[in-house]
Amino acid sequence: MSNDHLIIFDTTLRDGEQSPGASMTGEEKVRIARQLERMRVDVIEAGFPAASNGDFASVKAVAQAIKNSTVCGLARALERDIQRAGEALADAASSRIHTFIATSAIHMEKKLCMTPEQVIEQAVKAIKWARQYTDHVEFSAEDAGRSDPDFLCRVLEAVIDAGALTLNIPDTVGYSVPGQFGELIYRLRERIPNSDKVVFSVHCHNDLGLAVANSLSAVLNGARQVECTINGLGERAGNASLEEVVMAVRTRADVFGCTTRIDTTQIVPASRLVASITGFAVQPNKAIVGANAFAHESGIHQDGVLKHRETYEIMRAEDVGWSANKMVLGKLSGRNAFRSRLTELGIDLGTEEAVNTAFARFKELADKKHEIFDEDLHALVSEEASSNTQQAYKLVSLKVCSETGETPFAQVVVSAHGKEASASASGSGPVDATFKALEQIIDSHAELQLYSVNNITTGTDAQGEVTVRLAKDGRIVNGLGADTDIVVASAEAYLDALNGLYNKLERAHPQV
Ligand code: KIV
Ligand code: ZN
């Protein structure tokens, strides 16, 4: 790999999934992975196989599906974790094991209860275990941003000797600032004798809003891999956002002097897909992928852009995929057109029966809404996938009454564990009344943490995509619903979240 190639390592499926409530099913992960592959991401971190059987299965499924990107699995510096990662990645065309151990004094002493010498020894062992499964082993010094640079040099030199090919320097708690973080990368590269044998990588969290700035400062100082996520998703305040890093490096090639192999026209479709699957909507003023990122409001700006685009635009909307939102299918589209568009989107429904069911839903939607966009198809497939998982609660029917001057009222019929039950309630609005009626039946006592509605496409006939986040007993679950009727979408999202709470999926956290 030439020295001016910046490796884009996407961790949406692993660190991104650590955002509370952002868990994804195996099928959703494969769908996102296919979009990342289409975008030409170099490395896809597919998950943490030792976390649970579900995580193991989804890393395996991604490894089997992806041919043109390296698939990576995370593992603590433990033999069992590494073995699970190795097994999950066995079918990958190109694989990588990413193993890590904390190197900051606070983590070593308070969390790991290990001495610095023990940490070095464990890190070296981890690289050797991982090398039995793959040639490409990446090592992360967790909490490097707060680690003693002298100690970091010792650990990193030892893991290079043991066979690590990528050294990742994470700012795990988002504590670093750009000048200092860039200098750390510079000093590590300069001081570690065998540093020319490896690629330096960074993984920055956004607690101070500096993840992208820190990553770019590291690039200026020789880092040649950036770990990032679509829409900046990730633990707490998230990770560096892929779209911002990629577009900064591309737009300011004069400053950074390196290039990525990303097909930037796939950025907006990737952002929308991840937002729709995780239920984490993109703020309108988010750089690159926010709805307003290319909207010029002021008359002076509009006038300038009309006269000469570059007066106020440093990037072209179509270069990041804004024009990709094209009408694809309609009421008269047949089964073959439907199927081939799904294939183009990387969606594999598996069986003929699943295609038939999805096609029936598509026809129902096309009756209500004349133009069906890619985003509608993704929402439809997400709904289809969740209706295939075990569902304790299903919406049978919903009637709402909303009239000026009257209290809104809802009547619902739900199938709960195979038995139908009905309830009615009034509320401050039709959605509130619907949720109250659902609670009368289910009595979950879950806390509603988030309710949001987004239109999937434009126009008043667009489907509303609703996200409901519920918390109960320390677990947080997102539910999604999409329909041209937003009250129906809301009821479906509420039940989807309840089903998520009901189907408890236990998974370990990588950083414990
Ligand atoms: O933030 C972090 O330190 C991580 C590591 C596992 C790379 O996510
Ligand atoms: Zn992280």
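Criteria and thresholds
Sequence order as written defines residue numbering, which begins from 1 separately in each chain. All chains are assigned letters beginning at A, and all ligands numbers beginning at 1, according to the order in which they are written. Where local features are concerned, this predicted model is filtered to residues with pLDDT of at least 70; where side-chain atom pairs are given and counted, the filter is 80 or more; whole-chain, interface and lining totals use all residues. Computation of side-chain values covers all heavy atoms of the structure but excludes hydrogens and water. Whether a residue is near a molecule or strand depends on its heavy atoms: it is near if one of them lies within 4 Å of it. Think of a polar contact as two N or O atoms within 3.5 Å of one another; within protein, one of them needs to be a possible hydrogen donor and the other a possible acceptor, and neighboring residues in sequence only count if both atoms come from side chains. Accessibility throughout is a Shrake-Rupley quantity obtained with a 1.4 Å probe, and a residue counts as covered only by protein chains that appear here. The numbering of helices and of strands both runs from the N terminus, where a helix is a DSSP run of H or I of at least 4 residues and a strand a run of E of at least 2. Think of it as three bins: nonpolar holds Ala, Val, Leu, Ile, Met, Phe, Trp, Tyr, Cys and Pro, charged holds Asp, Glu, Lys and Arg, and polar takes everything else, Gly as well. Relative accessibility under 20% of the residue-type maximum defines a buried residue, over 50% an exposed one, and the middle range a partly exposed one, all with a 1.4 Å probe and only protein chains included. Strands qualify as paired when DSSP identifies two bridges or more between them. We call a crossover right-handed when, viewed with both strands directed away from the observer, the connection leading from the first strand over the helix to the second proceeds clockwise. Points on a 1 Å grid, built from protein atoms alone, make a cavity when a 1.4 Å probe fits but cannot get out and make a pocket when they are open with protein on both sides within 12 Å along at least 5 of 7 lines; residues with an atom within 4 Å of a point are the lining residues. Grid points are joined across faces, edges and corners, and a volume is the space filled by probe spheres set on the points. Residue ranges assigned to each domain were obtained from an automatic or database domain assignment. Here, two residues are considered to be in contact whenever any of their heavy atoms come within 4.5 Å of each other. We define buried area as the total accessible area lost by two parts upon association, computed with a 1.4 Å probe and summed across both. Each salt bridge in this description consists of a side-chain nitrogen of Lys or Arg and a carboxyl oxygen of Asp or Glu lying within 4 Å of one another. Metal donors were taken as nitrogen, oxygen and sulfur atoms no farther than 2.8 Å from the ion, or 3.2 Å where the ion is Na, K or Ca. Water is excluded, so coordination may look unfinished. Note on method: axes are straight lines fitted to C-alpha atoms, helices fitted across the in-contact stretch only, with angles between N-to-C directions ranging 0 to 180 degrees. By nonpolar core is meant a set of buried Ala, Val, Leu, Ile, Met, Phe, Trp, Tyr and Cys residues that side-chain atoms within 4.5 Å join together. Two rings belonging to Phe, Tyr or Trp (six-membered ring only in the last case) form a pair when the distance between their centres is within 6.5 Å. Interplanar angles under 30 degrees mark stacking, angles over 60 mark edge-to-face geometry, and anything in between is tilted. Consider the ring centre and the ring normal. A charge sits over the ring if Lys NZ or Arg CZ is within 6 Å of that centre and within 35 degrees of that normal. The disulfide criterion is simple: two cysteine sulfur atoms within 2.5 Å. By this rule the span expected of a helix is its residue count minus one, scaled by 1.5 Å.

**Concerning the site of ligand 1**
- Lining the immediate environment of ligand 1, one finds Arg14, Asp15, His98, Phe100, Ser140, Glu142, Asn168, Pro170, Thr172, His203, His205 and Gln511.
- Measuring from an oxygen atom of ligand 1, one finds a side-chain N or O atom of Thr172 at 2.6 Å.
- Side-chain polar atom of His203 to an oxygen atom of ligand 1: 3.1 Å apart, as the coordinates give it.
- Protein chains bury 100% of the 260 Å² of accessible surface belonging to ligand 1 in isolation.
- Counting residues per element, the ones that place at least two in the shell around ligand 1 are β4 (95-102), β5 (137-142) and β6 (166-171).
- Split into classes, the residues belonging to the shell around ligand 1 amount to two nonpolar, seven polar and three charged.

**Remarks on the pairing of strand β1 (residues 7-10)**
- Of the two faces of β1, the one holding Ile7 and Phe9 and the one holding Ile8 and Asp10 are both buried throughout.
- As defined by bridge partners, β1 adjoins strand β8 (residues 225-228) across four bridges and the pair is classed as parallel. Directly across from Ile7, in β8, lies its bridge partner Gln225.
- In this fold, β1 hands off to helix α1 (residues 26-38), which returns the chain to strand β2 (residues 43-47); that crossover is right-handed.

**So, empty space enclosed by the protein**
- On inspection of all chains with the given rule, the structure shows two cavities of 30 Å³ or more.
- By volume, the largest cavity amounts to about 120 Å³.
- Lining of the largest cavity is provided by 15 residues; of these, Arg14, Phe100, Pro170, His203 and Gln511 occupy positions nearest its centre.
- Grouping the constituent residues of the lining of the largest cavity by class yields four nonpolar, seven polar and four charged.

**A closer look at the domain arrangement of the protein**
- Partitioning the protein into domains gives domain 1 (7-278) and domain 2 (390-502).
- Averaged C-alpha coordinates put domain 1 and domain 2 at centres separated by 37 Å.
- With six residues of domain 1 at the interface, the matching set in domain 2 holds five residues.
- Summing the contributions of domain 1 and of domain 2, the shared interface buries around 450 Å²; its carbon and sulfur component is 44%.
- Sorting the residues of domain 1 by area buried against domain 2 places Pro20, Gly21 and Ser276 first, and these three jointly supply 72% of that buried surface.
- For the pair domain 1 and domain 2, the number of links is zero salt bridges.

**Concerning the coordination of the zinc ion (ligand 2)**
- Donor atoms from the polypeptide that bind the zinc ion (ligand 2) are Asp15 (OD), His203 (NE2) and His205 (NE2), placed at 2.0 to 2.1 Å.
- Donor residues for the zinc ion (ligand 2), ordered by position in the chain, follow D-x187-H-x1-H.
- Judged by relative accessible area, His205 falls into the buried class, the value being 2%.

**Quick notes on the packing of helix α2 (residues 53-65) against helix α3 (residues 79-88)**
- It is the contact of α2 with α3, at a shortest axis distance of 8 Å, that shows an interaxial angle of 40 degrees. Together, Asn53, Phe56, Val59, Lys60 and Ala63 of α2 and Arg84, Glu87 and Ala88 of α3 make up the contact between the two elements.
- In the contact of α2 with α3, the residues fall into four nonpolar, one polar and three charged.

**Remarks on the nonpolar core**
- Met39, Phe139, Leu167, Ile169, Leu188 and Val202 are the most contacted members of the largest nonpolar core, which has 94 residues in total.
- Of the residues forming this core, the biggest block, nine residues, is contributed by helix α6 (residues 149-162).
- When residues no more than four places from it in sequence are discounted, the contact partners of Phe139 are Thr99, Phe100, Ile101, Ala123, Ile127, Val155, Leu156, Val159, Ala164, Thr166, Leu167 and Asn168.
- If you look at the next biggest cluster of nonpolar residues, it comprises 27 residues, including Ile441, Val477, Leu498 and Leu501.

**Overview of the packing of aromatic side chains**
- All chains considered together, the criterion is met by six aromatic pairs.
- The rings of Phe338, Phe359 and Phe362 are connected pair by pair, giving a single aromatic cluster.
- The aromatic ring of Phe56 is capped on one face by Arg84, whose charged end is 3.9 Å from the ring centroid.
- Its end group placed over the ring of Phe280, Arg469 keeps NZ or CZ at 4.6 Å from the ring centre.

**What to know about the state of the cysteines**
- Within this structure, the stated rule accounts for zero disulfides.
- Cys204 provides the cysteine sulfur closest to Cys153, a residue in no disulfide bond, and the two sulfurs are 18 Å apart.
- A residue is classified by how much of its surface remains accessible, and Cys153, at 8% relative accessible area, is buried.
- Cysteine Cys258 remains unbridged, with the sulfur of Cys228 as its closest cysteine sulfur at 12 Å.

**Quick look at the pairing of β4**
- Among the eight residues that make up β4, eight are buried, leaving the element largely enclosed by the rest of the structure.
- Both faces of β4 are covered, namely the face carrying Ser95, Ile97, Thr99 and Ile101 and the face carrying Arg96, His98, Phe100 and Ala102.
- In terms of strand pairing, strand β3 (residues 70-76) meets β4 through six bridges, oriented parallel. Opposite Ala75, over in β4, you have Thr99 as the bridge partner.
- Between the parallel pair β3 and β4, the chain is carried across by α3, and the sense of this crossover is right-handed.
- Bridging between β4 and β5 involves six bridges; their strand directions are parallel. Residue Phe100 lies in a different strand from β5, and its bridge partner there is Ser140.

**Notes on helix α5 (residues 116-131)**
- With 16 residues, α5 extends 23 Å from end C-alpha to end C-alpha; this agrees with the ideal 22 Å at 1.5 Å per step.
- Restricting attention to buried positions, one finds in α5 the residues Val119, Ile120, Gln122, Ala123, Val124, Ala126, Ile127, Trp129 and Ala130.
- The inward-facing, buried residues of α5 contact α3, β4, α4 (105-112), β5 and α6.

**Concerning the side chain of Asp42**
- Turning to its location among the elements, Asp42 is positioned in the loop between α1 and β2.
- Within the structure, Asp42 has its side chain in polar contact with the side chain of His5 (distance 3.1 Å).
- Ignoring any residue separated from it by four or fewer positions in sequence, one finds Asp42 in contact with His5, Leu6, Ile7, Ile8, Ser69, Thr70 and Arg261.

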